Amino acid sequence: IAGDTVSVSSGTGTFDNANVGTGKSVTVSGITFGGTDAGNYTFTPPTGLTANITPAALTVAGPSVSKVYGVADPTLTPTVTGLKGTDTAASVLTGALTRATGSNVGNYSVTQGTLASNPNYTVTYTPGLFAITPEWLSEGPEFERVLDRM
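Every value quoted in this text rests on a predicted model; they were computed, and no experiment measured them.

### Overview of the side chain of K67
Here's step 1: Mapped onto the fold, K67 is located in strand β7 (residues 64–68).
Here's step 2: Other than its neighbours up to four places away in sequence, K67 contacts A72, D73, P74, R99, F130, A131, I132 and T133.

This is the structure in structure tokens:
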């Protein structure tokens, strides 16, 4: 009404949960009136409000690791950035990274393999590098066998 002095505080909208979805219910609360004429008004919070929650971006990078020829492969642990709230890589990701097949000295790509996130994230993957380095032989029976083959 013209001439009334009324202010409205901003409230909050709350989803029923934090999971991705469309048309999710939103509850509004915390809106209050202030000012000299606030007592002349009542507020009924809106109902039937909906909004969408879209997936958050998650960046997953394969590790750069190496091993000596003939030794077991190390664990391939990704670097993960972009987790929200209390989420952890263990609570969000399933599956495992893999590396390109090969056992000879050389470089191999670390691929996403079966690693995937829950629907609350969209994953961008950056491959890692897996290097197999030569085994260095010292003098002894194995060294002698290698020399005999040369």
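### Some thoughts on the sheet that holds strand β2 (residues 12–15)
Here's step 1: As summarised here, the arrangement of the three strands in space is β2-β3-β5, forming an open sheet in which the pairing is antiparallel. Where the open sheet ends on each side, the last strands, each with one partner, are β2 and β5 (50–53). In this sheet, neighbouring strand axes are inclined to one another by 50 degrees on average, regardless of whether the strands run parallel or antiparallel.
Here's step 2: By the bridge criterion, four bridges tie β2 to strand β3 (residues 21–29) in an arrangement that is antiparallel. In the strand pairing of β3, T12 is matched with S29.

### Notes on the pattern of salt bridges
Here's step 1: Counted according to the given criterion, the structure contains three salt bridges.
Here's step 2: With a closest N to O distance of 2.8 Å, K67 and D73 form a salt bridge.

### Concerning the side chain of K24
Here's step 1: With respect to the secondary-structure elements, K24 resides in strand β3.
Here's step 2: With relative accessibility at 12%, the residue K24 sits in the buried group.
Here's step 3: Separated by 3.0 Å, the side chain of K24 and the backbone oxygen of N19 make a polar contact.
Here's step 4: Every residue in contact with K24, bar those within four places of it in the chain, is listed here: F15, D16, N17, N19, L49, T50, A51 and I53.

Analysis parameters
Residues numbered from 1 in each chain as written. Predicted model: local features only at pLDDT ≥ 70, side-chain atom pairs only at ≥ 80, totals over all residues. Heavy atoms only, no water. Helix = DSSP H or I, 4+ residues; strand = E, 2+ residues; numbered from the N terminus. Contact = heavy atoms within 4.5 Å. Pairing = 2+ DSSP bridges. Axes fitted to C-alpha atoms, helices over the stretch in contact; angles between N-to-C directions. Salt bridge = Lys/Arg side-chain N within 4 Å of Asp/Glu carboxyl O. Buried < 20%, exposed > 50% of the residue type's maximum accessible area, 1.4 Å probe, protein only. Polar contact = N/O pair within 3.5 Å; in protein donor to acceptor, adjacent residues only side chain to side chain.

Scope: geometric values only; no functional claims are made or implied.
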